[in-house]
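# Structural overview for review
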Amino acid sequence: MKIGVLGAGQLGRMLALSAYPLGHQMRFLASSEEDPSSLLGKTYIYDNPETINKFFEDSDVITYESENTDVEILNEIGKTTKVYPGRESLQYTQHRGREKALLDKLNIPCAPYKLVSSLSDLKRAISSIGLPAILKTTKDGYDGKGQFLIQSELQIDEAWEAMSGAESILEGFVNFKRELSLIAVRGIDGNLKYYPLVENSHHDGILRLTIAPAQNVSMSLQKKAESYMNSLLTAMNHVGVLTIELFELDDELIVNEIAPRVHNSGHWTIEGSNTSQFENHIRAITNSPLGDTSAKHQFNAMINIISKYGSTNKALEIKNAHLHLYDKTERENRKLGHITITSDSLEELQSSIKNLNEYLP
Ligand code: AMP
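Residues numbered from 1 in each chain as written. Predicted model: local features only at pLDDT ≥ 70, side-chain atom pairs only at ≥ 80, totals over all residues. Heavy atoms only, no water.

### Some points on the pairing of strand β13 (residues 206-212)
Taking burial as the measure, the seven residues of β13 include seven buried ones, the bulk of the element. As judged from the five bridges shared by strand β12 (residues 198-203) and β13, these two strands associate in the antiparallel manner. Residue pairing across strands places His202 opposite Leu207, the latter belonging to β13. The hairpin turn running from β12 into β13, its antiparallel successor, is two residues long, and Asp204 in that turn takes a positive phi close to 50°. (Buried < 20%, exposed > 50% of the residue type's maximum accessible area, 1.4 Å probe, protein only. Helix = DSSP H or I, 4+ residues; strand = E, 2+ residues; numbered from the N terminus. Pairing = 2+ DSSP bridges.)

### Here's the deal with the site of the ligand
Residues in close proximity to the ligand total 16 residues, the closest being Lys136, Gln147, Val174, Glu179 and Glu257. The contact in question runs from a nitrogen atom of the ligand to an N or O atom on the side chain of Glu171, over 3.0 Å. Glu179 places a side-chain nitrogen or oxygen 2.6 Å from an oxygen atom of the ligand. For the ligand, the protein covers 91% of the area, taking 470 Å² as the surface of the free molecule. Elements that contribute at least two residues to the shell around the ligand include exactly β7 (133-137), β9 (168-172), β14 (240-248) and β15 (253-259). Broken down by class, the residue content of the shell around the ligand amounts to five nonpolar, five polar and six charged. Looking at the shell around the ligand, you find at least three residues from each of domain 2 (112-172) and domain 3 (178-359). (Near = heavy atom within 4 Å. Polar contact = N/O pair within 3.5 Å; in protein donor to acceptor, adjacent residues only side chain to side chain. Areas by Shrake-Rupley, 256 points an atom, 1.4 Å probe, with all protein chains shown as cover. Nonpolar A, V, L, I, M, F, W, Y, C, P; charged D, E, K, R; others polar. Domains from an automatic or database assignment.)

### Some details on the packing of aromatic side chains
If you walk through the whole model with that rule in mind, you get three aromatic pairs. With a centroid separation of 5.9 Å and 65° between ring planes, the pair formed by Tyr44 and Phe55 is classed as edge-to-face. Taken together, the residues span a long stretch of sequence, with Tyr44 in strand β3 (residues 42-45) and Phe55 in helix α2 (residues 49-57) at a distance of 11 residues. Each member of the pair Tyr44 and Phe55 is classed as buried. Taken together, a centroid distance of 4.7 Å and an interplanar angle of 5° make the contact between Phe176 and Phe247 stacked. Here Phe176, found in the loop between β9 and β10 (178-186), pairs with Phe247, found in strand β14; they are 71 residues apart in sequence, far enough to count as distant. Taking the relative accessible area as the measure of exposure, Phe176 reaches 33% and is therefore partly exposed. (Phe/Tyr/Trp six-rings, centres within 6.5 Å; stacked < 30°, edge-to-face > 60°.)

Read these as geometric descriptors, not functional statements.
This is how it looks when you write it as structure tokens:
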């Protein structure tokens, strides 16, 4: 099939790398010929409506890289071409307020929250939720951008100014034990498969390290996460990969965020799982049987390469380490690539991570 991707970043690049062995062709709607995916398929630059129309006409099925995609564009494409995940998935996940309302409706726990559109709203929200709390823009935030941690009442004005007047949401601060995420894939026929829960470490709001599967996860915790996932996938009639970011408390899971797409915390699946998240997304949107999601090795890690490339040759020298570079120029806080380590020994995994500690804060 001819698969079109709205966007041409590293996610599109890795989708393409998994789509070609299955005999598909790729098209990208890109911002420039320099985008990370642009050499991996036919590239259409979105600088005029005619080119955009050609991209639609040239695709049998369309998917997207980001939840910040305009819903109107999806409506337009939907008139002539199949788009997965569909409009509902995008509408819920691109607005933190709608996302939380859906979680409430499905009885899935999330942090206490209040929508905020003015400074006086913010003051009211703080008196109800308390401090510390995090103020986040309802839309367009990623990698911790558009967020302000309010620890004292003295910071209220500064926090509201940081939102530049954008509609926001105040969330109670969750004292989590660790951050986990669950990735699953759902086919057009409703069939679904879950990957194991993974553990994520962030720094400055950006993912640095994923350990997969997360260690010391009880069967009941995995099942709880899967039941939340099942409710969300079904409620949104989602097709493709969906990711849920979670906070783990003692025996509880709180949903932080949902992403209607392949996710950075699932990059380990390229070498670490029997079927990668990318391949399963492609399988789902092309109405093909979904692949086995179990891990091939007992211990896997994914380390992000952020801001600077560093000594990437080191990764090539480590047994069981796999280097992925996205063909991007260096920039502060930019994701340039990642390294996956697969192992059947915890000591070996830890020692490989230690050898790559220049990538970890
Ligand atoms: P987000 O963009 O919402 O995924 O937030 C980025 C990171 O900020 C998360 O991965 C957490 O480490 C932290 N964070 C976000 N929301 C909360 C919260 N309500 N309580 C505590 N930490 C949070």
